[in-house]
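# Remarks on the overall topology
If you want the building blocks of each chain, they are given just below.
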Amino acid sequence: MHPTPHHAVDHTAEPTDDPLAIRLEALILGADRRYTPFQAARTAGVSMELASRFWRAMGFADIGQAKALTEADVLALRRLAGLVEAGLLSEPMAIQVARSTGQTTARLAEWQIDSFLEGLTEPPEPGMTRTEVTYPLIELLLPELEEFLRYVWRRQLAAATGRVVQAADDEEMVDRRLAVGFADLVGFTRLTRRLEEEELGELVEAFETTSADLVAAHGGRLIKTLGDEVLYAADDAATASEIALRLIDAMTQDETMPALRVGIAFGTVTTRMGDVFGTTVNLASRLTSIAPKDAVLVDGAFAEELIRTGDAPTSEAEAAEEAAAAEKEGEPAPSYRFALQPMWQRPVRGLGVVEPWLLSRRH
(Lines give C-alpha, C1' and ligand atoms only; values in the text may rest on other atoms or scores of the structure.)
Protein backbone atom coordinates (compact mmCIF):
# COMPACT_ATOMS: atom_id res chain seq x y z
CA MET A 1 0.00 0.00 0.00
CA HIS A 2 1.14 3.52 -0.73
CA PRO A 3 1.63 6.33 1.85
CA THR A 4 -1.54 7.84 3.17
CA PRO A 5 -2.75 10.99 1.34
CA HIS A 6 -2.48 14.19 3.36
CA HIS A 7 -6.24 14.35 3.86
CA ALA A 8 -6.68 10.81 5.13
CA VAL A 9 -7.02 9.56 8.68
CA ASP A 10 -4.06 7.27 9.19
CA HIS A 11 -5.47 5.10 11.97
CA THR A 12 -3.73 1.92 10.82
CA ALA A 13 -0.21 3.33 10.52
CA GLU A 14 2.41 2.55 13.14
CA PRO A 15 0.14 0.84 15.69
CA THR A 16 0.69 2.39 19.09
CA ASP A 17 1.31 0.60 22.38
CA ASP A 18 -0.17 3.44 24.43
CA PRO A 19 -2.79 1.82 26.71
CA LEU A 20 -5.33 4.66 26.44
CA ALA A 21 -4.94 4.87 22.68
CA ILE A 22 -5.54 1.12 22.39
CA ARG A 23 -8.63 1.35 24.66
CA LEU A 24 -10.02 4.27 22.64
CA GLU A 25 -9.37 2.46 19.37
CA ALA A 26 -11.20 -0.62 20.64
CA LEU A 27 -14.09 1.54 21.85
CA ILE A 28 -14.45 3.37 18.54
CA LEU A 29 -13.92 0.35 16.30
CA GLY A 30 -15.98 -1.95 18.50
CA ALA A 31 -13.37 -4.71 18.41
CA ASP A 32 -9.84 -5.54 19.51
CA ARG A 33 -6.81 -5.93 17.25
CA ARG A 34 -6.68 -9.45 15.96
CA TYR A 35 -5.39 -9.71 12.38
CA THR A 36 -2.41 -8.80 10.25
CA PRO A 37 -3.39 -7.44 6.81
CA PHE A 38 -2.64 -10.83 5.25
CA GLN A 39 -4.77 -12.67 7.84
CA ALA A 40 -7.63 -10.15 7.40
CA ALA A 41 -7.62 -10.58 3.63
CA ARG A 42 -7.51 -14.37 3.88
CA THR A 43 -10.33 -14.45 6.47
CA ALA A 44 -12.45 -12.19 4.25
CA GLY A 45 -11.79 -14.43 1.25
CA VAL A 46 -10.16 -11.59 -0.67
CA SER A 47 -6.80 -11.56 -2.42
CA MET A 48 -4.09 -9.52 -0.70
CA GLU A 49 -3.78 -7.45 -3.86
CA LEU A 50 -7.46 -6.47 -3.86
CA ALA A 51 -7.46 -5.87 -0.11
CA SER A 52 -4.47 -3.54 -0.52
CA ARG A 53 -6.31 -1.63 -3.26
CA PHE A 54 -9.37 -1.22 -1.04
CA TRP A 55 -7.31 -0.07 1.97
CA ARG A 56 -5.26 2.29 -0.17
CA ALA A 57 -8.46 3.77 -1.62
CA MET A 58 -9.83 4.31 1.89
CA GLY A 59 -6.66 6.22 2.78
CA PHE A 60 -5.03 3.73 5.12
CA ALA A 61 -1.24 3.50 5.18
CA ASP A 62 0.96 0.44 4.80
CA ILE A 63 1.47 -1.24 8.18
CA GLY A 64 3.46 -4.20 6.92
CA GLN A 65 2.20 -7.29 8.72
CA ALA A 66 1.53 -5.73 12.12
CA LYS A 67 -1.43 -7.21 14.00
CA ALA A 68 -3.60 -4.08 13.97
CA LEU A 69 -6.83 -5.04 12.17
CA THR A 70 -10.15 -6.13 13.61
CA GLU A 71 -13.29 -8.05 12.72
CA ALA A 72 -14.68 -4.78 11.38
CA ASP A 73 -11.87 -4.60 8.81
CA VAL A 74 -12.60 -8.18 7.73
CA LEU A 75 -16.32 -7.45 7.42
CA ALA A 76 -15.67 -4.30 5.35
CA LEU A 77 -13.47 -6.25 2.92
CA ARG A 78 -16.06 -9.02 2.70
CA ARG A 79 -18.85 -6.54 1.96
CA LEU A 80 -16.99 -4.70 -0.78
CA ALA A 81 -15.82 -7.92 -2.40
CA GLY A 82 -19.33 -9.36 -2.08
CA LEU A 83 -20.82 -6.41 -3.96
CA VAL A 84 -18.35 -7.07 -6.78
CA GLU A 85 -18.97 -10.82 -6.82
CA ALA A 86 -22.76 -10.28 -6.90
CA GLY A 87 -22.37 -8.01 -9.90
CA LEU A 88 -23.87 -5.02 -8.08
CA LEU A 89 -20.63 -3.06 -8.45
CA SER A 90 -17.72 -3.41 -10.81
CA GLU A 91 -14.30 -3.58 -9.19
CA PRO A 92 -13.37 -0.02 -10.30
CA MET A 93 -16.69 1.23 -8.90
CA ALA A 94 -16.06 -0.54 -5.58
CA ILE A 95 -12.66 1.19 -5.44
CA GLN A 96 -14.41 4.53 -6.06
CA VAL A 97 -16.88 3.81 -3.26
CA ALA A 98 -13.98 3.09 -0.92
CA ARG A 99 -12.11 6.22 -1.98
CA SER A 100 -15.05 8.63 -1.80
CA THR A 101 -16.14 7.27 1.58
CA GLY A 102 -12.61 7.36 2.95
CA GLN A 103 -11.90 10.90 1.82
CA THR A 104 -15.20 12.29 3.05
CA THR A 105 -15.15 10.65 6.46
CA ALA A 106 -11.44 11.42 6.93
CA ARG A 107 -12.15 15.12 6.63
CA LEU A 108 -15.14 14.81 8.96
CA ALA A 109 -13.13 12.93 11.58
CA GLU A 110 -10.27 15.45 11.43
CA TRP A 111 -12.70 18.32 11.85
CA GLN A 112 -14.46 16.69 14.79
CA ILE A 113 -11.20 16.01 16.59
CA ASP A 114 -9.64 19.41 15.84
CA SER A 115 -12.65 21.62 16.45
CA PHE A 116 -14.95 19.62 18.65
CA LEU A 117 -13.49 16.84 20.76
CA GLU A 118 -10.23 18.67 21.45
CA GLY A 119 -12.11 21.44 23.21
CA LEU A 120 -14.51 19.12 25.02
CA THR A 121 -11.76 16.90 26.37
CA GLU A 122 -9.95 19.73 28.15
CA PRO A 123 -9.86 18.70 31.84
CA PRO A 124 -12.74 20.54 33.60
CA GLU A 125 -10.98 20.60 36.96
CA PRO A 126 -7.37 21.09 38.08
CA GLY A 127 -5.62 17.82 38.69
CA MET A 128 -7.68 15.85 36.17
CA THR A 129 -5.90 14.48 33.14
CA ARG A 130 -7.26 14.49 29.62
CA THR A 131 -7.08 10.70 29.81
CA GLU A 132 -9.66 10.69 32.63
CA VAL A 133 -12.04 12.81 30.54
CA THR A 134 -11.64 11.50 27.00
CA TYR A 135 -12.74 7.87 27.30
CA PRO A 136 -16.10 8.39 29.06
CA LEU A 137 -16.89 11.37 26.84
CA ILE A 138 -16.30 9.45 23.61
CA GLU A 139 -18.23 6.51 25.06
CA LEU A 140 -21.25 8.79 25.47
CA LEU A 141 -20.87 10.71 22.20
CA LEU A 142 -20.04 7.85 19.85
CA PRO A 143 -23.51 6.29 19.44
CA GLU A 144 -25.17 9.70 19.11
CA LEU A 145 -22.73 10.96 16.48
CA GLU A 146 -22.95 7.64 14.62
CA GLU A 147 -26.75 7.82 14.43
CA PHE A 148 -26.62 11.46 13.34
CA LEU A 149 -24.11 10.62 10.60
CA ARG A 150 -26.39 7.84 9.38
CA TYR A 151 -29.39 10.21 9.33
CA VAL A 152 -27.57 12.96 7.39
CA TRP A 153 -26.10 10.46 4.92
CA ARG A 154 -29.53 8.95 4.19
CA ARG A 155 -31.02 12.41 3.72
CA GLN A 156 -28.26 13.42 1.31
CA LEU A 157 -28.51 10.09 -0.52
CA ALA A 158 -32.26 10.56 -0.95
CA ALA A 159 -31.75 14.04 -2.40
CA ALA A 160 -28.99 12.88 -4.77
CA THR A 161 -31.05 9.88 -5.90
CA GLY A 162 -34.00 12.16 -6.60
CA ARG A 163 -31.87 14.32 -8.86
CA VAL A 164 -30.63 11.28 -10.77
CA VAL A 165 -34.03 9.72 -11.41
CA GLN A 166 -35.32 13.05 -12.69
CA ALA A 167 -32.52 13.25 -15.26
CA ALA A 168 -33.76 13.23 -18.85
CA ASP A 169 -31.50 10.36 -19.94
CA ASP A 170 -28.57 8.22 -18.84
CA GLU A 171 -25.97 10.65 -20.21
CA GLU A 172 -27.45 13.48 -18.15
CA MET A 173 -26.80 11.47 -15.01
CA VAL A 174 -23.05 11.97 -15.50
CA ASP A 175 -22.75 14.95 -17.85
CA ARG A 176 -25.40 17.41 -16.76
CA ARG A 177 -26.23 21.02 -17.54
CA LEU A 178 -25.70 22.96 -14.34
CA ALA A 179 -24.97 26.44 -13.10
CA VAL A 180 -21.58 26.48 -11.40
CA GLY A 181 -20.48 29.35 -9.17
CA PHE A 182 -17.21 30.34 -7.51
CA ALA A 183 -17.17 32.84 -4.65
CA ASP A 184 -13.74 34.23 -3.77
CA LEU A 185 -12.56 36.49 -0.95
CA VAL A 186 -10.58 39.42 -2.36
CA GLY A 187 -7.09 40.05 -0.97
CA PHE A 188 -6.98 36.89 1.12
CA THR A 189 -3.23 36.41 0.63
CA ARG A 190 -2.58 39.84 2.13
CA LEU A 191 -4.84 38.98 5.05
CA THR A 192 -2.80 35.88 5.84
CA ARG A 193 0.24 38.12 6.43
CA ARG A 194 -1.66 40.61 8.59
CA LEU A 195 -3.91 38.46 10.79
CA GLU A 196 -2.96 36.13 13.61
CA GLU A 197 -3.54 32.45 12.90
CA GLU A 198 -6.54 32.28 15.23
CA GLU A 199 -8.15 35.36 13.66
CA LEU A 200 -7.56 33.96 10.18
CA GLY A 201 -9.09 30.64 11.19
CA GLU A 202 -12.18 32.38 12.58
CA LEU A 203 -12.58 34.43 9.39
CA VAL A 204 -12.34 31.37 7.16
CA GLU A 205 -14.76 29.43 9.35
CA ALA A 206 -17.26 32.32 9.30
CA PHE A 207 -17.01 32.57 5.50
CA GLU A 208 -17.43 28.84 4.98
CA THR A 209 -20.32 28.62 7.45
CA THR A 210 -22.19 31.57 5.93
CA SER A 211 -21.62 30.26 2.41
CA ALA A 212 -22.70 26.71 3.26
CA ASP A 213 -25.87 27.95 4.98
CA LEU A 214 -26.86 30.24 2.12
CA VAL A 215 -26.15 27.67 -0.59
CA ALA A 216 -28.20 25.02 1.20
CA ALA A 217 -31.06 27.33 2.18
CA HIS A 218 -31.64 28.49 -1.39
CA GLY A 219 -31.50 25.12 -3.10
CA GLY A 220 -27.89 24.87 -4.27
CA ARG A 221 -25.24 22.27 -3.50
CA LEU A 222 -21.94 23.10 -1.87
CA ILE A 223 -19.29 21.23 -3.83
CA LYS A 224 -16.24 22.21 -1.79
CA THR A 225 -14.57 24.97 0.18
CA LEU A 226 -10.94 25.99 -0.29
CA GLY A 227 -10.38 28.42 2.56
CA ASP A 228 -10.89 31.69 0.71
CA GLU A 229 -13.01 30.17 -2.05
CA VAL A 230 -16.32 28.32 -2.29
CA LEU A 231 -17.54 26.24 -5.23
CA TYR A 232 -21.26 25.54 -5.53
CA ALA A 233 -23.68 24.25 -8.14
CA ALA A 234 -27.38 24.66 -8.86
CA ASP A 235 -29.80 23.02 -11.25
CA ASP A 236 -30.99 26.35 -12.67
CA ALA A 237 -29.60 29.82 -13.31
CA ALA A 238 -32.10 31.63 -11.09
CA THR A 239 -31.10 29.61 -8.01
CA ALA A 240 -27.40 30.20 -8.69
CA SER A 241 -28.09 33.94 -9.12
CA GLU A 242 -30.00 34.20 -5.85
CA ILE A 243 -27.21 32.45 -3.96
CA ALA A 244 -24.50 34.66 -5.49
CA LEU A 245 -26.27 37.93 -4.69
CA ARG A 246 -27.12 36.83 -1.16
CA LEU A 247 -23.48 35.89 -0.60
CA ILE A 248 -22.44 39.38 -1.68
CA ASP A 249 -25.07 40.93 0.61
CA ALA A 250 -23.99 38.82 3.59
CA MET A 251 -20.29 39.61 3.18
CA THR A 252 -20.81 43.36 2.69
CA GLN A 253 -22.88 43.51 5.87
CA ASP A 254 -20.03 41.98 7.89
CA GLU A 255 -17.36 44.59 8.53
CA THR A 256 -14.79 41.93 9.42
CA MET A 257 -15.05 40.33 5.97
CA PRO A 258 -13.04 41.37 2.91
CA ALA A 259 -14.79 42.05 -0.40
CA LEU A 260 -16.23 39.12 -2.32
CA ARG A 261 -16.40 38.42 -6.03
CA VAL A 262 -18.44 35.72 -7.74
CA GLY A 263 -18.27 34.12 -11.18
CA ILE A 264 -20.98 31.82 -12.57
CA ALA A 265 -21.18 29.81 -15.79
CA PHE A 266 -23.90 27.57 -17.19
CA GLY A 267 -23.35 24.46 -19.27
CA THR A 268 -22.44 20.80 -19.35
CA VAL A 269 -20.63 19.62 -16.25
CA THR A 270 -19.08 16.23 -15.51
CA THR A 271 -19.68 15.02 -11.97
CA ARG A 272 -17.36 12.57 -10.25
CA MET A 273 -17.20 11.61 -6.56
CA GLY A 274 -19.14 14.68 -5.51
CA ASP A 275 -16.91 17.07 -7.47
CA VAL A 276 -17.54 18.84 -10.79
CA PHE A 277 -15.24 19.17 -13.80
CA GLY A 278 -15.17 20.58 -17.30
CA THR A 279 -15.03 23.77 -19.34
CA THR A 280 -18.05 25.26 -17.53
CA VAL A 281 -16.26 24.95 -14.18
CA ASN A 282 -13.06 26.46 -15.60
CA LEU A 283 -15.02 29.36 -17.09
CA ALA A 284 -16.72 30.10 -13.77
CA SER A 285 -13.30 30.18 -12.10
CA ARG A 286 -11.90 32.57 -14.73
CA LEU A 287 -14.93 34.86 -14.43
CA THR A 288 -14.36 35.04 -10.68
CA SER A 289 -10.78 36.17 -11.19
CA ILE A 290 -11.87 39.14 -13.37
CA ALA A 291 -15.05 40.08 -11.46
CA PRO A 292 -15.14 43.50 -9.76
CA LYS A 293 -15.25 43.60 -5.97
CA ASP A 294 -18.65 42.77 -4.45
CA ALA A 295 -20.03 41.90 -7.87
CA VAL A 296 -21.18 38.87 -9.86
CA LEU A 297 -20.04 38.09 -13.41
CA VAL A 298 -21.79 35.44 -15.53
CA ASP A 299 -21.11 34.00 -18.96
CA GLY A 300 -23.27 34.35 -22.08
CA ALA A 301 -24.90 30.93 -21.71
CA PHE A 302 -25.90 31.77 -18.15
CA ALA A 303 -27.37 35.11 -19.26
CA GLU A 304 -29.32 33.38 -22.04
CA GLU A 305 -30.71 30.86 -19.55
CA LEU A 306 -31.94 33.63 -17.22
CA ILE A 307 -33.61 35.36 -20.18
CA ARG A 308 -35.12 32.10 -21.43
CA THR A 309 -36.71 31.32 -18.07
CA GLY A 310 -38.11 34.84 -17.72
CA ASP A 311 -35.97 35.71 -14.72
CA ALA A 312 -34.16 38.58 -16.49
CA PRO A 313 -35.07 40.82 -19.45
CA THR A 314 -33.00 40.87 -22.60
CA SER A 315 -32.29 44.53 -21.87
CA GLU A 316 -33.67 47.32 -19.71
CA ALA A 317 -34.92 49.05 -22.86
CA GLU A 318 -36.97 45.99 -23.79
CA ALA A 319 -38.27 45.71 -20.22
CA ALA A 320 -39.41 49.35 -20.39
CA GLU A 321 -41.18 48.73 -23.70
CA GLU A 322 -42.92 45.67 -22.24
CA ALA A 323 -44.02 47.66 -19.20
CA ALA A 324 -45.39 50.47 -21.37
CA ALA A 325 -47.28 48.01 -23.60
CA ALA A 326 -48.72 46.22 -20.57
CA GLU A 327 -49.84 49.51 -19.03
CA LYS A 328 -51.53 50.48 -22.29
CA GLU A 329 -53.41 47.19 -22.31
CA GLY A 330 -54.27 47.52 -18.62
CA GLU A 331 -52.29 44.42 -17.76
CA PRO A 332 -49.56 43.90 -15.16
CA ALA A 333 -46.02 44.40 -16.45
CA PRO A 334 -43.69 41.38 -16.62
CA SER A 335 -41.83 40.91 -13.35
CA TYR A 336 -38.10 40.17 -13.56
CA ARG A 337 -35.92 39.19 -10.59
CA PHE A 338 -32.52 39.97 -12.07
CA ALA A 339 -30.84 42.47 -14.35
CA LEU A 340 -28.00 41.78 -16.80
CA GLN A 341 -25.51 44.32 -18.08
CA PRO A 342 -23.15 43.30 -20.91
CA MET A 343 -19.47 44.00 -20.27
CA TRP A 344 -16.56 44.36 -22.69
CA GLN A 345 -15.48 41.19 -24.43
CA ARG A 346 -12.11 39.99 -23.25
CA PRO A 347 -9.76 37.06 -23.80
CA VAL A 348 -9.75 34.49 -20.99
CA ARG A 349 -6.73 32.24 -20.63
CA GLY A 350 -7.39 28.84 -22.13
CA LEU A 351 -10.98 29.64 -23.10
CA GLY A 352 -10.70 32.24 -25.85
CA VAL A 353 -12.75 35.44 -25.97
CA VAL A 354 -15.78 35.65 -23.67
CA GLU A 355 -18.42 38.30 -23.11
CA PRO A 356 -19.15 38.53 -19.40
CA TRP A 357 -22.40 39.97 -18.05
CA LEU A 358 -22.74 41.82 -14.76
CA LEU A 359 -25.56 40.30 -12.74
CA SER A 360 -27.57 42.34 -10.25
CA ARG A 361 -30.92 42.26 -8.51
CA ARG A 362 -33.64 44.17 -10.31
CA HIS A 363 -35.45 46.71 -8.15
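Going by an unreviewed UniProt entry, the protein chain carries the name Adenylate/guanylate cyclase domain-containing protein and comes from Streptomyces amakusaensis. UniProt lists a comment for the protein chain under the heading Sequence similarities (unreviewed entry), and it reads "Belongs to the adenylyl cyclase class-3 family."

## What about the overall build of the protein chain?
In terms of regular secondary structure, the protein chain is built from 13 helices and 10 strands. By residue count, 37% of the 363 residues in the protein chain fall in the buried class. Excluding contacts between residues fewer than 6 apart, the proportion of contacts in the protein chain whose partners are at least 24 apart in sequence is 67%. Within the structure as shown, the protein chain displays about 21100 Å² of accessible surface, and the carbon and sulfur contribution to it stands at 53%.

## A short note on the pattern of salt bridges
By the definition in use, this model includes 13 salt bridges. The shortest N-O distance in the salt bridge between R150 and E147 comes to 3.8 Å. Taken as a pair, R150 and E147 lie in helix α6 (residues 130-165) at a separation of three residues, close to a single helical turn. Looking at R150, the relative accessible area reads 41%, which means it is partly exposed. Given a relative accessible area of 45%, E147 falls into the partly exposed group. Beyond isolated ion pairs, a larger network of salt bridges with shared partners links E242, R246, D311, R337 and R361.

## Things to note about a negative patch on the surface
On the surface, E196, E197, E198, E199, E202 and E205 cluster together into a patch of negative charge. Relative to the assigned elements, E196 resides in the loop between α8 (188-194) and α9 (197-217). Given the relative accessible area of 57%, E196 is considered exposed.

## A short note on the packing of helix α10 (residues 237-252) against helix α12 (residues 300-308)
Contact geometry for α10 and α12: axes closest at 9 Å, N-to-C directions at 110°. Classified by the interaxial angle, the pair formed by α10 and α12 is roughly perpendicular. Taking contact as the criterion, the partners of A237, A238, A240 and S241 in α10 are, on α12, F302, E305 and L306. Residue classes in the contact of α10 with α12 are distributed as five nonpolar, one polar and one charged.

## A closer look at the pairing of strand β10 (residues 357-361)
With three bridges connecting them, strand β6 (residues 295-298) and β10 associate as antiparallel partners. The partner of L297 across the bridge, within β10, is L358. Of the pairings in the sheet, the one linking strand β7 (residues 338-342) to β10 comprises five bridges and is antiparallel in character. By the bridge assignment for β10, Q341 is matched with L358.

Each value, and the rule that gives it
- Residues numbered from 1 in each chain as written.
- Predicted model: local features only at pLDDT ≥ 70, side-chain atom pairs only at ≥ 80, totals over all residues.
- Heavy atoms only, no water.
- UniProt positions renumbered as here; feature names shortened; annotations may be inferred.
- Helix = DSSP H or I, 4+ residues; strand = E, 2+ residues; numbered from the N terminus.
- Buried < 20%, exposed > 50% of the residue type's maximum accessible area, 1.4 Å probe, protein only.
- Contact = heavy atoms within 4.5 Å.
- Areas by Shrake-Rupley, 256 points an atom, 1.4 Å probe, with all protein chains shown as cover.
- Salt bridge = Lys/Arg side-chain N within 4 Å of Asp/Glu carboxyl O.
- Patch = residues over 30% accessible without salt bridge, like charges linked within 9 Å, V, L, I, M, F, W, Y side chains within 5 Å.
- Lys, Arg positive; Asp, Glu negative; His and termini not counted.
- Charge placed at Lys NZ, Arg CZ, Asp CG, Glu CD.
- Axes fitted to C-alpha atoms, helices over the stretch in contact; angles between N-to-C directions.
- Parallel < 35°, antiparallel > 145°, perpendicular 65-115°, else oblique.
- Nonpolar A, V, L, I, M, F, W, Y, C, P; charged D, E, K, R; others polar.
- Pairing = 2+ DSSP bridges.

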